[in-house]
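If you want the building blocks of each chain, they are given just below.
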Amino acid sequence: MSTITKDGVSSPAPAKASPAKPRRGLRGSPTFNFWLFTGPFLIGLAIFVYLPILWSLYLSFFEARFTVTPSEFIGVDNYVTMLTDEDFMGSLVTFTIFAAFIVPLTWGTSLGLALMVNRLRFMRAFFRSVFFLPTAVSYVAASLVWKMSIFNGVRFGLANTFLGLFGIDNTAWLASPDPPWYWLVILTVRLWLQAGFYMILFIAALQNIPQEMYEAAAIDGAKPGWQTFWYITLPQLRATSTAVILLLLVAAYQAFDEFFNLLSKTTWGRPPLVELYHKALGESQDYGAGSAGALILTVLICLVTLLQGKFMGFGRGEESK
Amino acid sequence: MSAFRNSNFDRRTALRAALGLAAAGGLAACGGNTGRSSGGGAGLTQYFHAYGEAGTEQAIKRYAKAYKETNVTTQWITGSNFESKLFASLLTDKAPDCFEFHPQLQMIESGQVADLTDLIDPVKDDFNPADIQSHTVDGKIYGIRMIDDPQFFFYRPSLFEKAGVEVPQTLEELAEAAAKLTTDKVKGAYLGNTLHSMINPLIWSAGAQHLDEKNQIAYHTDAVVDGFKQLRKLFTSGDLLLDAPTDFWDPSALNQGLTAMQWCGMWAMPQMQEALGDDLGIFPFPKVGSAGKQSVYNGGWSMFVNAKSKNLEATKEYVKWLWIDQKEYQEDWALSYGFHIPPRTSIAESADKLKSGLPAEGVKLFNEFGHFDNIGWTQASITALDDVLANCVRKGGDPDKELTKADAKVNKELKKLFG
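Since this is a predicted model, take the numbers as computed values, not measurements.

Conventions we followed
Residues numbered from 1 in each chain as written. Chains lettered and ligands numbered in written order. Predicted model: local features only at pLDDT ≥ 70, side-chain atom pairs only at ≥ 80, totals over all residues. Heavy atoms only, no water. 1 Å grid on protein atoms, 1.4 Å probe; cavity = no way out; pocket = protein on both sides within 12 Å on 5 of 7 lines; lining within 4 Å. Points joined across faces, edges and corners; volume = space filled by probe spheres on them. Helix = DSSP H or I, 4+ residues; strand = E, 2+ residues; numbered from the N terminus. Nonpolar A, V, L, I, M, F, W, Y, C, P; charged D, E, K, R; others polar. Buried < 20%, exposed > 50% of the residue type's maximum accessible area, 1.4 Å probe, protein only. Pairing = 2+ DSSP bridges. Core = buried A, V, L, I, M, F, W, Y, C linked by side-chain atoms within 4.5 Å. Contact = heavy atoms within 4.5 Å. Salt bridge = Lys/Arg side-chain N within 4 Å of Asp/Glu carboxyl O. Axes fitted to C-alpha atoms, helices over the stretch in contact; angles between N-to-C directions. Parallel < 35°, antiparallel > 145°, perpendicular 65-115°, else oblique. Left-handed = near helix turned anticlockwise from the far one by under 90°. Buried area = accessible area lost by both parts, 1.4 Å probe. Polar contact = N/O pair within 3.5 Å; in protein donor to acceptor, adjacent residues only side chain to side chain.

### Structural notes on the layout of surface pockets
All names here are of chain A. Of the voids in this model, the second largest pocket is the one considered here, and its volume is about 800 Å³. Around the second largest pocket sit 29 residues that line it, and Leu-273, Leu-276, Ala-294, Leu-297 and Thr-298 are the ones nearest its centre. Taken together, the elements giving at least two residues each to the lining of the second largest pocket come down to helix 1 (30–59), helix 10 (238–253), helix 12 (272–281) and helix 13 (287–312). Here the lining of the second largest pocket gets eleven residues from one element, more than from any other, and that element is helix 13. Taken together, the residues of the lining of the second largest pocket break down into 22 nonpolar, seven polar and no charged.

Structure representation (C-alpha cells):
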C-alpha cells in the first residue's frame, strides 16, 4: 500500500510492526531463563549438599550414636576425639603415601601410553580403545577381580601362579601389613582403572603440538627421541600435565572403593573416607564423631587446595592482564 | 488461539508428561522393592543377609508369600556389610518393618527394636533357655531366635592320619598339627581371612568372658593375652591359609583341598559332606592355657521388629505367624538348606537329620561347649576387639597394649549402655 503526494509521486507506506517482535514477559526474560535452567540444580545442591553439611555441623556437637536426631549436646568433644584418634590421623598418612605413589605413577604411565599410541601407524584406534576400556569398569568390580582372581593367596591365583614358575612360594598379598604387599594390589588396580582416561587427555594435547616445531628443532640439530621429548614435547604438555596432576590428586582424596573392598576389617591402609565410613556409617554408627571428622577433613582439603593454587599459580594469568 | 498454538501446546504437554513419567519411573525404581502397600494390607518389608546355602532366598520369599494377611517383601542383602546397611536404613523412612540380626543392647537403648515378650511368652518354655536369655533385658524379650549356628573346626581325618596328627586339644597342639599337615599344596589350617571369628572362642577357651555379671570387662586376662600371642605365631608360621578367595563361612577352602582343617559353621556341613563324603570330622576350639576349656561359638540369627515401624502390630503378627506358629517353615529353614539347630526344643528333638552321624556330633558339641552372644557386647565393643586382633595378630603389635587400648573403648561403650 502507498499514499499519493501533491506531486503525484507515491511514497512508501510506513512499515508495520514486525511480526517477529521478541516476546515479552517471563519467557523472554534472561533472568527467568537463568533460574529455569540453574534452579533445579541449585535446589538439588541445597538439598543434597549444603543441607547435609549444615546437618553434619549440627551433629558434630552432639552425642549421635545410632541416631541422626540427637539430643545430648557435648560441645567439641567429638572434635577432640577425632583429633586425638590414632586411626583418623593415620588415615591422613595413608592418603599421603597413596597420593605420593599414585599421582606420579599414573601421570608417567598415561603419558607413556599416549606417546606410544600416538606414534602408532596401524591399529591406533584399537589400542586407544584397549587402554581406555578399563575406565568403564567399576572400582568395586575391578577390586574384586584383583582380590579374588589375581592377588588371592592360594596356589591358583594368577600372581602366585606366575611366581610359582620361578619357584617362589605363595604370597598372601592382603593378609598382613608386613610386608606391605597390599600397596602393590591397590596401586595396580587404580593404575589400570584410570591410566586410560588420562592417556586420552595426553593424546589430545600431543596432537595440538604443531609439527613445525619438531621440524624446526630437527633443522637446528635436535636429535629425535629423548632430546626432542625433553625440550619440546614435555614443555608443550605443561598445561595438560598440571590439569592431570590436579585431577589425580582430587581422585586420590576420593579414594574409597578399592581400599574398602580390598582391605576389609583391617586397621591399616585406610584413607580418610574409609576411616570416616567406619566411624559414622559402618558398624559403629557414630554420626557425631563421623561428622566432626568429615568437617576436619573438609577444612584440611580447603587449606591444601588453597596452598596448591598458590604454588601452581592458579589465577596468576588473570592478574597479569 | 490458533490451531498451530494448540498443536504446539499439545506437543509440549506430551513432552512434559513423558518427562514426568520418566522421572516418576526413575524415582519409583530408586525406591523399588520396598514392600510398601501394593494393594490389600499394610505391606511389610523384611531384611535378610544373603545366606550362602542354595535355596535360602527362595525359601524366605516362599514363606512370605504364603502369609495371606498382607504383602511381605524381602530384601536379600548381598555383600559383607549387612550390618551397616541395616543400621543406616533403620534411621530412615525406608527402614524395614522386621529384620534379622543378633541381640545387641544398643538397639534396645536406641528404641530401634520392639518388645516381643507377649509373642514369645506362651511358647517360651519350648525355646532354648540360652536363646531366651541372650535376647532378654529387664525381663523383656526383644527378638525371636530363628536358628542357632554352632561354629567349630572341620577337618579331613584322612589327612590327619597321613600326617600322624591327633585332634588338637590345646592351641599349641593346633599350631603343631597345622605345621605337620602343611605340604606344598595344602595348608595346615584356615581360620578365615580376617581371623575375626577366632576372637570369641579364644576368649572362652582361655576361661574368660567378654563381660562379667556386673557388665565389667572380663576378657583382658593373661590367658587371653597368651592366646593372641599364640595366634600371632600361627599366623606367621606359614602353616595357615591366608587370603583365600572366600572367607571362613564358605566351605570352599576345605572342599577344594586347600587346607586340612577349617573353622566354619554347621550351616556348611551338608556342602562339606557332599564334597568330602565321610572324610570329615569336627572338633571345638581347643583350650588356651591350663585353666581354659574347649569352646564352641553358638552364632545364629534372630528376627527383630522395628519399633518405629508404621505397621508395628501387623509386623508383630507376621513375625509371630512365621517364627512362632509355622513350625513346618521353621524346620525347613533350619534343616533343608544348610544345617542349623532349631532353637525350638520340640523341633530340634524331632529333627531326624540331627539325630545321627556328624550333625549329631555337632549338636553334642553345641550342648557341651556352647557359648551364646552377650546382649551387652555390642558393635562398638566387637569392633574394638576386631582391631585388637588385626593389630596384634596380623600386624604384630603387643596384645596386652592392644587390649588396654580396647579397654578404653569398651569402657566408654559400657558407660553409655549401663551408666
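### Here we look at the pairing of strand 10 (residues 296–305) of chain B
Residue and element names in this part refer to chain B. Most of strand 10 is tucked away: ten of the ten residues are buried. Judged by which residues are buried, strand 10 turns out to be covered on both faces: Val-296, Asn-298, Gly-300, Ser-302 and Phe-304 on one side and Tyr-297, Gly-299, Trp-301, Met-303 and Val-305 on the other are all buried. When strand 3 (residues 98–101) meets strand 10, the two strands line up antiparallel, connected through four bridges. Looking across to strand 10, one finds that Glu-100 is bridged to Met-303.

### Focus: the nonpolar core
Ranked by internal contacts, the top residues of the largest apolar core, which has 125 residues, are Met-261, Tyr-318, Trp-323 and Trp-333 of chain B. It is strand 6 (residues 144–155) of chain B that contributes the most residues to this core, seven residues altogether. Residues within four places of Tyr-318 of chain B in sequence aside, it is in contact with Leu-44, Gln-46, Ala-64, Tyr-67, Val-72 and Cys-98 of chain B. Of all hydrophobic cores here, the second largest spans 47 residues; its members include Ile-102, Ala-159, Ala-205 and Ala-252 of chain A.

### Section: the pattern of salt bridges
A full pass over the atoms with the stated rule returns 19 salt bridges over all chains. With a closest N to O distance of 3.5 Å, Lys-416 of chain B and Glu-63 of chain A form a salt bridge. In this pair, Lys-416 of chain B sits in helix 18 (residues 399–418) while Glu-63 of chain A sits in strand 3 (residues 62–63), so the two residues belong to two different chains. Given a relative accessible area of 34%, Lys-416 of chain B falls into the partly exposed group.

### So, the packing of helix 7 (residues 182–207) of chain A against helix 10 of chain A
All names here are of chain A. It is the contact of helix 7 with helix 10, at a shortest axis distance of 10 Å, that shows an interaxial angle of 160 degrees. Considered as vectors, helix 7 and helix 10 are oriented roughly antiparallel to each other. Helix 10 is crossed by helix 7, and the crossing has right-handed handedness. Counted together, Arg-190, Gln-194, Tyr-198, Leu-201, Phe-202 and Ala-205 of helix 7 and Thr-240, Ser-241, Val-244, Leu-247, Leu-248, Ala-251 and Ala-252 of helix 10 form the full contact between these two elements.

### Quick notes on the interface of chain B and chain A
Bring the parts together and some accessible area is lost; that lost area is often taken as the interface size. Listed as interface residues are 37 residues of chain B and, on the opposing side, 34 residues of chain A. Taking both sides of the interface into account, the surface hidden between chain B and chain A amounts to around 2900 Å²; carbon and sulfur atoms contribute 52%. Area buried by chain B at its contact with chain A is led by Leu-91, Asp-243 and Arg-394 of chain B, which between them contribute 21% of it. Ionic pairing is found between Glu-413 of chain B and Arg-65 of chain A, a salt bridge with its closest N-O pair at 3.0 Å. At the boundary of chain B and chain A, one finds twelve residue pairs in polar contact (both at pLDDT 80 or more). Counting residues per element, the ones that place at least two in the side of chain B that touches chain A are helix 1 (3–30), helix 3 (82–89), helix 17 (379–394) and helix 18 of chain B. Among the elements that line the side of chain B that touches chain A, the one with the most residues is helix 17 of chain B, at eight residues. When its residues are assigned to classes, the side of chain B that touches chain A shows eleven nonpolar, twelve polar and 14 charged.

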